[in-house]
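Residue strings, one per chain:
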Amino acid sequence: MIEYKNVTKLYGDKVGIKDVSIQIDDGEFVFLVGPSGAGKSTFVKLLLRIINADAGTILYNGYDVTDLDNVHIPKHRRSMGIIFQDFSLLPKKTVYENIAFAMEIIQKPHRMMKEQITRVLELVGLTGEEKKYPHELSIGEQQRVAIARAIVNNPSILIADEPTGNLDPVTGWEIMKILDKINKRGTTVIMVTHSQEIVNAMDNRVVAIEDGLIVRDEERGNYRPEDDSNDNNAEGGIFSL
Amino acid sequence: MNTRLILAFRQAFSQIRRNLAMSFASLFSITAIMIVLGVFFILIVNVNNIAESVKQDFDTIQLYLDADVTEEQAEDLMDDIKGMDNVETVTYLDKNDAMERWKKKWGDNANLLDRLKTNPLPNSIIIQVLRLEDANSVYNATKDMTGVEDVSYYQDTVEKLVTITDAIQVGAIVIIVFMIIISIVVVSNTIKLTVIARGKEIMIMKYIGATNWFVRAPFLLEGVLIGIVSALISGGLITYLYDFIVKNYGVDIALLVSTGLVPEMFLVKNLFIIFIALGTSIGACGSVISMRRFLDN
Ligand SMILES: Nc1ncnc2c1ncn2[C@@H]1O[C@H](COP(=O)(O)OP(=O)(O)OP(=O)(O)O)[C@@H](O)[C@H]1O
Ligand SMILES: [Mg+2]
């Protein structure tokens, strides 16, 4: 379970998120929507401790994420998988190596890798593509490899910040189905998106953020016009901030 | 741990390969800096050596005796002096022997001394002290003894010598420290380029839960490898150079300062130990510094 209690994050005099309180249960699938600059990425980065809050607490697995020592951050992050819009693969590594890389970091023995990589590639529908390099794959296929990398260590939470942002609707929908499949296997999924089609097609919880505040939280929600801003092209992932 | 180390080594080598030009540039700079360091090191060691031996020439106190002091009285004086602290040897120098010494020293001009009708030199007692630094106490204890007319000891010269060698050493150490700092900056800049080039990879590693040391390991190895290779190259060149100097100018230098150069084997062995330690730490410091900002979570 994840519980934000009165969490505030400011960037100088700019508001990231302001006094946010929310609870997300294990196994949930949550869409995070809202106009550009609303604070969605800030929300997920706080959970990963890529940034830290100015006030409030984030309870997770019985500890306060905002209060973690630096030495405990790596272990904390290993319990989560992350996918970002431009959180790309390493171009000089093959599909297999890109996924193995995530396992090397947690020092999984090499003999265990092959089996697990085969398994996650099957899950994302890329069986047999181990030896290809990213540039030999379509953008959608690359994103699927990124998903495979994010889940290979069996995280209990998957965080996806605009995973379909660069994709055409059909490919985006395929990615959505994969994430749904992962959620059905018991993984909590938090997905930031601007995609009206996807949100409306699913029957999931929708949390809308605007100007750093949670303005709506519906158990089975829809996308609304005010969730979008007119500068939809300006959507940026983690590296564009 | 094993796989992790192998992984780090593989990555370090591939980083050096990918960044070959810069790696060579920093290898070259550090080798150059280490050669300068080596020259200073050799200089210090030899200056020290020469200074020690020169000091030995000056660590005597000479008591000039009154003309009416008999040899027996002189013997008594010598017995008293032998009992003092910090005295190593006491010898009697007859005035005729003293004259002979002068003649030897003057060499070709010794005939000038032959023109003297009587020997103007007094008989004297020469005291060799144990510690030059404490020669003053012996000087004070002997200068007022009966039968002693005058005392000469090269306090000024010795003090000057100590000042000069101290200055040379301090100067050399300042330069060495300065050079070490420069090489750390050079290594850290080289590695920073690799770090920036691999910034995205590092960020991915960090975000999926790599520890700082896991991320740092290959860069650390890269730095250390550059440092060690520089140490070996510069150590080799310095050895060759010193060997050349000892073989070709060793005798001249020995005649000039009345001390031989410090033996090669001793110096070279120590130089290599110092260089490798230095190269390793320069490389390690450089890489840790270069990554500092990339790793603060
Ligand atoms: N590193 C930063 N420094 C300064 N301001 C920042 C930084 N990161 C985010 N902000 C600001 O905080 C606010 C929230 O940003 P955030 O990235 O969370 O928005 P977002 O909802 O993810 O937007 P988008 O849909 O465009 O990705 C914005 O006003 C943004 O300009
Ligand atoms: Mg964002």
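Everything quoted here is computed from the prediction, not taken from an experiment. Sequence order sets the numbering: in each chain, residues are counted from 1 along the sequence as written. All chains are assigned letters beginning at A, and all ligands numbers beginning at 1, according to the order in which they are written. Only residues with pLDDT of 70 or above have their local features reported here, since the model is predicted, and side-chain atom pairs are shown and tallied only from 80 upward, although totals for entire chains, interfaces and linings are computed over all residues. To get the side-chain values, all heavy atoms of the structure are used, and hydrogens and water are removed first.

Colleague: How would you sum up the overall build of chain B? Please name residues and give values.
Modeller: A tally of helices and strands in chain B yields ten helices and four strands. Listed N to C, the secondary structure of chain B is α-α-β-α-β-α-α-β-α-β-α-α-α-α in terms of helices and strands. When the accessible area of chain B is evaluated, it comes to approximately 16600 Å², of which 62% is carbon and sulfur surface. Numbering goes from the N terminus for both helices and strands, where a helix is a DSSP run of H or I of at least four residues and a strand is a run of E of at least two. Per-residue and other accessible areas follow the Shrake-Rupley method at a 1.4 Å probe size, with only the shown protein chains counted as cover for residues.

Colleague: Describe the layout of surface pockets, with residues and values.
Modeller: Residues and elements named next belong to chain B. There is about 620 Å³ of room inside the largest pocket. Looking at which element gives the most residues to the lining of the largest pocket, the answer is helix 1 (residues 2-18), with six residues. For this classification, Asp, Glu, Lys and Arg are treated as charged, while Ala, Val, Leu, Ile, Met, Phe, Trp, Tyr, Cys and Pro are nonpolar and the rest, including Gly, are polar. Grouping the amino acids of the lining of the largest pocket by side-chain chemistry returns ten nonpolar, five polar and ten charged. In this analysis, the protein atoms alone were mapped onto a 1 Å grid. Cavities are point sets where a 1.4 Å probe fits without being able to get out; pockets are open sets with protein on both sides within 12 Å along at least five of seven lines; lining residues have an atom within 4 Å of a point. Grid points are joined across faces, edges and corners, and a volume is the space filled by probe spheres set on the points.

Colleague: Go over the pairing of strand 3 (residues 124-129) of chain B with me, naming the residues and quoting the values.
Modeller: All names here are of chain B. Under the scheme applied here, a residue whose accessible area is under 20% of the maximum for its type counts as buried, over 50% as exposed, and between as partly exposed, the area being computed with a 1.4 Å probe on protein chains only. With five of six residues buried, strand 3 lies mostly within the body of the structure. Here, a strand pair is defined by DSSP locating no fewer than two bridges between the strands. Of the strand pairs in this sheet, strand 1 (residues 60-65) and strand 3 are connected by five bridges, and their pairing is antiparallel. Its bridge partner lying in strand 3, Thr60 is registered against Gln128. Inspection of the sheet shows strand 2 (residues 87-93) paired to strand 3 by six bridges, in the antiparallel sense. Bridged to Thr91 within strand 3 is Ile126.

Colleague: Tell me about the side chain of Asn153 of chain A, and please be specific about residues and values.
Modeller: Residues and elements named next belong to chain A. One can find Asn153 in the loop between helix 5 (139-151) and strand 7 (157-161). From its side chain, Asn153 meets the backbone oxygen of Ala102 in a polar contact 3.1 Å long. Not counting residues up to four positions away in its chain, the partners in contact with Asn153 are Ala102, Met103, Ile106 and Lys108. Polar contacts, as used here, are pairs of N or O atoms within 3.5 Å; protein pairs need one atom able to donate a hydrogen and one able to accept it. Residues neighboring in sequence count only if both atoms are side-chain atoms. Contact criterion: two residues are considered in contact whenever any of their non-hydrogen atoms come within 4.5 Å of each other.

Colleague: Talk me through the confidence of the model for chain B; I want residue IDs and the actual numbers.
Modeller: Values of pLDDT, ranging from 0 to 100, describe the predictor's confidence in every residue of the model. For chain B, the mean per-residue pLDDT works out to 80, and 90% of the residues sit at or above 70. Interface confidence for the predicted complex, expressed as ipTM, amounts to 0.81; the pTM equals 0.69.

Colleague: Quick rundown of the packing of helix 3 (residues 95-105) of chain A against helix 5 of chain A? Include the residues and the values.
Modeller: All names here are of chain A. Here an axis means a line fitted to C-alpha atoms, over the contact stretch when the element is a helix, while the angle between two N-to-C directions is reported on a 0 to 180 degree scale. Interhelical geometry of helix 3 versus helix 5 gives an angle of 30° and a closest axis separation of 8 Å. In terms of their interaxial angle, helix 3 and helix 5 are classed as roughly parallel. Classified by chirality, the crossing of helix 5 by helix 3 is right-handed. In this structure, helix 3 contributes Val95, Asn98, Ile99 and Ala102 to the contact, and helix 5 contributes Val145, Ala148 and Arg149. When the residues that make up the contact of helix 3 with helix 5 are grouped by side-chain class, the tally is five nonpolar, one polar and one charged. In this scheme, roughly parallel covers angles under 35 degrees and roughly antiparallel covers those over 145, while 65 to 115 is roughly perpendicular and the rest are oblique. Handedness of each helix crossing follows the sense of rotation of the near helix against the far helix: counterclockwise by less than a right angle gives left-handed, clockwise gives right-handed.

Colleague: Can you tell me about the sheet that holds strand 4 (residues 55-60) of chain A, naming the residues and giving the values?
Modeller: Residue and element names in this part refer to chain A. A sheet is described by the order of its strands in space; here four strands give the open sequence 2-1-4-5, paired in antiparallel fashion. One side of each edge strand has no neighbouring strand; the edge strands of this open sheet are strand 2 (14-24) and strand 5 (63-64). Two strands pair when backbone bridges link them, and strand 4 and strand 5 are joined in this way by two bridges, in the antiparallel orientation. Paired with Tyr60 across the two strands is Tyr63, which belongs to strand 5. Here helix 1 (residues 40-48) sits on the sheet in contact with strand 1 (2-11), strand 2 and strand 4, set at roughly 115° to strand 1.

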